[in-house]
Amino acid sequence: MKKLTRVNDFVIRFANVNGSGSASANNLFAKAVFRLGIPVSPKNIFPSNIQGLPTWYEVRVSEQGYLGRRGGYDFIVAINGQTLEKDYDDLLPGGYFLYDSTRALSDHFKRRDITPIGIPLTDICNREIKNPKLRPLLKNILYVGAIAFLLDMDFSVLTDSITKQFSKKPKLAAPNIRCLELGFNYASEHFKDVCKLSVKRSNKLSTHILMDGNSATALGAVYAGATVAGWYPITPSTSVIESFDTFTRQYRLDETGKRKAAIIQAEDELSALGIAVGAAWNGVRSFTATSGPGISLMNELLGLAYFTEIPVVLVNVQRAGPSTGMPTRTQQSDTLACAYASHGDTKHVMLFPSNPTECFEMAADSFDLAEILQTPVILMSDLDLGMNDHVCLPMVWDDSRQYNRGKVLDREQLETLTKDWGRYLDTDGDGICHRTYPGTHPEKGAFFTRGSSHDEHAVYTEDNDAYKRCMERLTRKWQTARTLVPKPRIKTDDGTAAGGLILYGTTAHAAYEAVEMLGKKGIALDTMRLRGFPFQDEVCDFIDRYGKVFVIEQNRDGQMRTLLMNELCLVPDNLISITHIDGTPIDARFISQSIETELSKTQPPKGGAL
């Protein structure tokens with residue numbers, strides 16, 4: 001049998017039971033790899049119940065800097081008896097299977113193309129740990145110690161991490177370090193030179209940090225000047241508001257130490273958005289965060305904010321639907337729901353971050369965009385980006401940056417007006433009108449905000465022409481929005497590409513790696529990463545260059561493909577969906593193999609064009 005032999009280039013999966021405390025131990029391993037200067041990408045795949053069901057924690061270790069899922073597992077730590085056979089079958093040939101040998105494997109486990117590593121974890125814990133309540137928790141630390149030896153890791157990185165983690169409770173550090181040592185010593189005595197995978201210190205991450213997207217989003221909201229958050233908890237968006245709460249307690253304080261921010265928990269998602277819309281109408285930078293079911297409930301108020309032209313930011317951390325779906329699995333399945341949320345002719349600005357750095361930047365930009373355009377702006381994150389840690393560049397803020405509040409008339413401007421002011425009167429042709437804050441002037445600038453049809457002066461009317469003028473002006477504003485949202489990132493080669501590939505959000509890392517995989521097989525593809533909606537001319541121009549363009553997305557129905565076709569009036573034949581729908585983050589091998597399968601269906605003509 002040929003063993004897998006690699007340095008700083010493998011995928012390890014931990015198979016545990018939810019609620020067993022394993023996530024902390026697995027996260028300890030991932031962060032130790034990061035502290036050794038090696039790019040790492042952890043993915044926590046867990047159920048929505050509190051405990052009992054299977055959970056997996058995958059760690060991609062990649063010296064080359066690939067941060068998406070690769071596909072396949074080189075090393076599996078199988079601690080969950082419920083999934084033992086599945087984990088065994090999922091291991092790639094030449095891989096390593098670490099299991100609790102307190103109980104012998106049954107006759108079903110007969111593979112000869114892998115290396116079994118049996119460590120009696122339960123026996124060791126029962127013998128060495130006196131407190132029965134601690135045994136299940138410390139068993140996880142024990143296998144991390146064993147892995148450290150098997151992968152030839154710098155053991156001091158793990159012990160230092162434990163010491164820092166329990167710096168305020170040093171008594172808890174000692175038993176954890178002891179279990180690391182127990183696992184390390186057992187593996188060194190029984191499995192010397194068994195594993196050919198290794199982790200060696202590197203210098204690839206001298207300027208990078210490890211951060212989750214929800215924390216980065218919350219930090220962007222703080223820097224953008226947000227002071228009000230309407231909130232109804234829903235997985236996986238809850239930690240956006242929790243992080244905003246933490247950050248504002250640290251950084252949004254007045255000279256007396258009092259916090260200058262309000263976080264209001266509502267009775268449901270609709271009310272949470274109502275709080276944010278009401279605060280925004282009053283001149284405050286406000287937002288809320290939710291996920292798919294919340295988006296469904298918020299449709300009515302999204303339509304109100306669109307039609308009354310109130311700026312508000314909505315963070316959508318997408319999960320698997322429909323209905324309750326799988327609350328702790330990731331998808332990009334709210335694309336169409338958010339683009340056209342609410343009844344009638346509504347369209348909403350959307351931004352698509354692909355890493356925590358962009359979560360921070362786009363969250364901050366969303367507040368400027370919302371106020372410039374006087375409309376809701378939706379930041380389209382997802383569970384993978386929001387809840388998992390990602391290697392990214394540090395957040396950078398220009399202290400000279402000024403908030404762009406858009407067209408807001410102050411007291412002096414209202415005093416000097418020579419023409420009759422109208423809240424919904426477009427004076428310069430960009431579709432955006434001037435607004436005022438309540439109380440700006442004792443006599444001038446007041447208007448009545450209503451969700452029913454209104455004329456240029458905010459007066460209720462059902463006059464056909466007035467309604468038509470309003471809707472056509474909103475279309476002009478949509479065209480203005482096209483010039484303001486982030487442009488796509490386009491990568492082209494020397495002109496020999498056989499086709500194009502469109503990606504967005506968290507499909508990015510795996511898709512770029514898949515393009516490299518295909519390139520090694522002689523299949524060249526140019527790429528375009530969408531970053532905002534509405535789409536710009538560059539998007540249409542890219543699609544028009546190729547006979548076939550693949551659209552990579554994580555939903556069943558190819559929602560981004562549908563949005564592209566609808567908005568750009570495209571012929572559907574040359575847009576091919578590559579969809580991934582099982583709730584786990586998409587991986588590079590899946591993308592590469594799917595594209596190869598599609599290409600095999602047609603014979604490309606001479607010249608390389610598809």
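Residues numbered from 1 in each chain as written. Predicted model: local features only at pLDDT ≥ 70, side-chain atom pairs only at ≥ 80, totals over all residues. Heavy atoms only, no water.

1. Some words on the confidence of the model for the protein chain
And then number 1: Looking at the protein chain, pLDDT values average 95 and 99% of them are 70 or higher.
And then number 2: Low pLDDT, under 50, characterises residues 605-610; the predicted model gives this stretch 10 contacts beyond four residues in sequence or across chains. (pLDDT = per-residue confidence, 0-100. Contact = heavy atoms within 4.5 Å.)

2. Some details on the pattern of salt bridges
And then number 1: Within the structure shown, the criterion is met by 36 salt bridges.
And then number 2: When the shortest N-O distance is used, the salt bridge between K477 and E309 registers 2.9 Å. Pair noted here: K477 is in helix 15 (residues 464-482) and E309 is in the loop between helix 10 (292-308) and strand 13 (312-318), with a separation of 168 residues, a long-range link.
And then number 3: The buried category is assigned to K477, whose relative accessible area is 5%.
And then number 4: Owing to a relative accessible area of 1%, E309 belongs among the buried residues under this scheme.
And then number 5: Here R469 and E456 are joined by a salt bridge, their closest N and O atoms 2.7 Å apart. Of the two residues, R469 sits in helix 15 while E456 sits in the loop between helix 14 (411-416) and helix 15, which places them 13 residues apart along the sequence.
And then number 6: A residue is classified by how much of its surface remains accessible, and R469, at 40% relative accessible area, is partly exposed.
And then number 7: Three or more residues joined by partner-sharing salt bridges are found here, namely R285, D365, D368, E371, R401, R405 and R435. (Salt bridge = Lys/Arg side-chain N within 4 Å of Asp/Glu carboxyl O. Helix = DSSP H or I, 4+ residues; strand = E, 2+ residues; numbered from the N terminus. Buried < 20%, exposed > 50% of the residue type's maximum accessible area, 1.4 Å probe, protein only.)

3. Observations regarding the sheet that holds strand 17 (residues 489-491)
And then number 1: Taken in spatial order, the 5 strands line up as 17-19-18-21-22 in an open sheet, and their pairing is mixed. Two strands lie at the open edges of the sheet, namely strand 17 and strand 22 (575-579), each paired on one side alone. Going from strand to strand, the sheet's axes swing by 20° on average, the running direction of each strand aside.
And then number 2: Two elements, strand 18 (residues 499-504) and strand 21 (residues 549-553), share 3 bridges in a ladder whose sense is parallel. When the bridges of strand 21 are listed, I502 appears paired with V551. (Pairing = 2+ DSSP bridges. Axes fitted to C-alpha atoms, helices over the stretch in contact; angles between N-to-C directions.)

4. So, the domain arrangement of the protein chain
One frequently used descriptor of interface size is the decrease in accessible area upon assembly of the parts.
And then number 1: Under the domain assignment, the protein chain is made up of domain 1 (6-198), domain 2 (211-392), domain 3 (411-484) and domain 4 (489-602).
And then number 2: The C-alpha-based centres of domain 1 and domain 3 are spaced at 61 Å. (Domains from an automatic or database assignment.)

5. Overview of unusual backbone geometry
And then number 1: The linkage connecting G321 with the following residue, P322, adopts the cis geometry, with an omega of 0°.
And then number 2: Mapped onto the elements, P322 comes out in the loop between strand 13 and helix 11 (335-339).
And then number 3: In this structure, the amide linkage connecting F533 to the following residue, P534, adopts the cis form with an omega of 20°.
And then number 4: Mapped onto the fold, P534 is located in the loop between strand 20 (532-533) and helix 17 (537-544).
And then number 5: For D152, which is not glycine, the phi torsion reads 55° and is therefore positive.
And then number 6: With respect to the secondary-structure elements, D152 resides in the loop between helix 4 (135-150) and helix 5 (155-165).

6. Section: the pairing of strand 19 (residues 525-530)
And then number 1: Across the 6 residues that make up strand 19, a large majority, 6, are buried.
And then number 2: Burial along strand 19 is two-sided: the face carrying L525, T527 and R529 and the face carrying D526, M528 and L530 are both buried.
And then number 3: Direction of pairing for strand 17 relative to strand 19: antiparallel, over a ladder of 3 bridges. What sits directly across from K491, in strand 19, is T527.
And then number 4: With 6 bridges connecting them, strand 18 and strand 19 associate as parallel partners.

7. Quick look at the state of the cysteines
And then number 1: Summed over all chains, the structure comprises 0 disulfides.
And then number 2: With no disulfide of its own, C359 has C392 as its nearest cysteine by sulfur position, at a separation of 8.9 Å.
And then number 3: For C359, a relative accessible area of 0% gives the class buried.
And then number 4: Just so you know, C569 is unpaired, no disulfide at all, and the nearest cysteine sulfur is the one on C540, 8.7 Å from it.
And then number 5: Under the relative-accessibility criterion, C569 is labelled exposed at 68%. (Disulfide = S-S within 2.5 Å.)

8. A short note on the packing of helix 5 against helix 6 (residues 170-190)
And then number 1: The geometry of helix 5 relative to helix 6 is characterised by a closest axis approach of 9 Å and an angle of 160° between their N-to-C directions. Here helix 5 lies roughly antiparallel to helix 6, going by the angle between them. With respect to the hand of their crossing, helix 5 and helix 6 are arranged in right-handed fashion. Of the residues in helix 6, those touching helix 5 at F155, L158, T159, I162 and T163 are A173, N176, I177, L180, E181 and F184.
And then number 2: Considered class by class, the residues forming the contact of helix 5 with helix 6 number 7 nonpolar, 3 polar and 1 charged. (Parallel < 35°, antiparallel > 145°, perpendicular 65-115°, else oblique. Left-handed = near helix turned anticlockwise from the far one by under 90°. Nonpolar A, V, L, I, M, F, W, Y, C, P; charged D, E, K, R; others polar.)

9. What about the pairing of strand 13?
And then number 1: Judged by how many residues are buried, strand 13 sits mostly within the fold: 7 of 7 residues are covered.
And then number 2: Of the two faces of strand 13, the one carrying V312, L314, N316 and Q318 and the one carrying V313, V315 and V317 are both buried.
And then number 3: Alignment of strand 12 (residues 286-290) against strand 13, held across 4 bridges, turns out to be parallel. Across the sheet, T288 pairs through a bridge with L314, a residue of strand 13.
And then number 4: Each parallel crossover has a hand, and for strand 12 linked through helix 10 to strand 13 it is right-handed. (Right-handed = clockwise from strand over helix to strand, strands pointing away.)

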